[in-house]
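Breakdown of the fold
Single-letter residue listing:
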Amino acid sequence: MANCAIVGINWGDEGKGRMVDLLTGHYDVVIRYQGGGNAGHTVINEYGKFALHLLPSGIFRRGVVNVLGNGVALDPENLWAEMQEVMGKGVSLTPDNLKISDRASLLLPWHRDLDALEEARLADKKYGSTKQGIAPFYSDKQQKKTVLAGELFYPEELRAHLRDLMEWKNLTLTKVYGAKPYTMELLERWIADACENIKPYICDTGEFLHTAQKQGKRLLFEAQLGSLRDLDYGIYPYTTSSNTTAAYAPIGSGLPSAKIGNVVGVVKAYSTCVGEGPFVCEMFGDEAEALRRAGAEYGAKTGRPRRVGPLDIVATRYGVEVQAATEIALTKLDVLSYMEKIPVCTRYLLNGRETDRFPFPVALKDAKPVIEYMDGWRCDISAARRWEELPAQAQNYVNMIENQIGCRIKYVSVGPERDSIIIR
Ligand code: GDP
């Protein structure tokens, strides 16, 4: 069986966690390869309801090994809090089923401070950061100004390294932002309180994955956010600071030789977007409020109301292309059941001309959505488990999307629970 990546096609929050939770049953190892605690994957299963931020969504399956790869922003405080929450609900987390890459960089205490300080400085020009320190973290990683998780096993070198970094970072904190400087005492406490807890899980995950690959184990790569938030291919600068695309999975996981045969792109049956930035198909007023309420569209991490709109074919087709998706999981189809007519954004109007190509980021602000309508089905579809059980209008909607984006829709999700799925 081919290795698989599960990725978001749009702006994130498509329901990736739900799909990973479903598909992990077929895999031996689940690997998170980018991002950090700035977004949440919602998983509902026999243990309860969870908003996972850093833990791979395979954590609930017995026998599945979960890996946090070198590409993630490893925030020891948040990770430990999340681990305690999951363990508190009866899930066993041991160094056998959770492995943290020794090459993952640690998100340091000042990264969160700098995120908040910079958003405050930007005032009304802010990018909508979740203030989890992700942008300062990845900038520092590129500058080689972070600490690798494996350095926790070299206490003397770690302290010398942290002292150098602290002296450098205090210049920015105090001179640029007028904030309080860090001290070694604060960092000692951070090592003792946050890092020591996760230390038993840190290992050479590269070696583990290499061996797993040689043994023919089935690997599942789990991404965070979606194509349009990818640092290189998304709506820059309203992107995240890492690569959310499947192509990055081998690098960020610790297995550069990995071949990914299957890319499951997750698409929501309508559009949502958290935070700032261009969102061409955005709906407003009562129409938006009705959709937001029907889909419970409030951020998993921040509780912020999400911006909503109809399915955006232009953005989705681009997202499919960027992810090189081989199949699609369409989620939350049940949410549209209240609509008499279902709006779909099929093209953009830009500079007086219609286009079906996703424009350059700066041009997006001038694009207007071209909306077409499809018949709704106006009945509860959440109990459907076979394609034939969907009303004709719902089948037409799914078929239309499949034709427009040029990728097979293999999964249709009609509810948040693990088994609320139609596999075609
Ligand atoms: P992720 O970050 O891509 O995993 O997505 P989120 O967790 O932010 O958002 C997905 C939300 O939709 C979660 O609350 C899921 O429980 C829920 N969900 C996923 N699939 C479905 C579905 O088919 N129908 C409904 N009604 N809810 C769903």
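A brief report on the enclosed structure follows. All values reported here derive from a predicted model rather than from experimental measurement. (Residues numbered from 1 in each chain as written. Predicted model: local features only at pLDDT ≥ 70, side-chain atom pairs only at ≥ 80, totals over all residues. Heavy atoms only, no water.)

Okay, the overall build of the chain next. Helix and strand counts for the chain come out as 11 helices and 21 strands. Whereas a compact globule of 424 residues would reach a radius of gyration of roughly 22 Å, the chain reaches 22 Å, a difference of no more than 12%. On the principal axes, the C-alpha backbone points of the chain span a range of 65 × 50 × 35 Å. In the chain, buried positions account for 56% of the 424 residues. Of the contacts made within the chain by residues no fewer than 6 positions apart, 75% connect residues no fewer than 24 positions apart. Surface accessibility of the chain: about 17700 Å² in total, with carbon and sulfur atoms responsible for 50%. In the chain, the 51 positive side-chain charges and the 53 negative ones have mean positions that sit 1 Å from each other. (Helix = DSSP H or I, 4+ residues; strand = E, 2+ residues; numbered from the N terminus. Rg over C-alpha atoms; globule rule 2.2 N^0.38 Å. Buried < 20%, exposed > 50% of the residue type's maximum accessible area, 1.4 Å probe, protein only. Contact = heavy atoms within 4.5 Å. Areas by Shrake-Rupley, 256 points an atom, 1.4 Å probe, with all protein chains shown as cover. Lys, Arg positive; Asp, Glu negative; His and termini not counted. Charge placed at Lys NZ, Arg CZ, Asp CG, Glu CD.)

With that out of the way, let us pick up the sheet that holds strand 16 (residues 327–331). Strand order in this open sheet of 10 strands is 10-7-5-2-11-1-12-16-20-21, and the pairing throughout is mixed. Strands at the two margins of the open sheet, each flanked by one partner only, are strand 10 (202–203) and strand 21 (421–423). Sheet topology note: the strand 2 (residues 29–32)/strand 11 (residues 219–226) ladder contains four bridges and is parallel. Paired with Val 29 across the strands is Leu 219, a residue of strand 11. (Pairing = 2+ DSSP bridges.)

Omega for the peptide link from Tyr 236 to Pro 237 comes to 5°, which places this bond in the cis form. One can find Pro 237 in the loop between strand 11 and helix 8 (249–253). In the Ramachandran plot, Ala 296 falls in the positive-phi region, its phi being about 50° despite a non-glycine side chain. One can find Ala 296 in the loop between helix 9 (285–295) and strand 14 (307–309).

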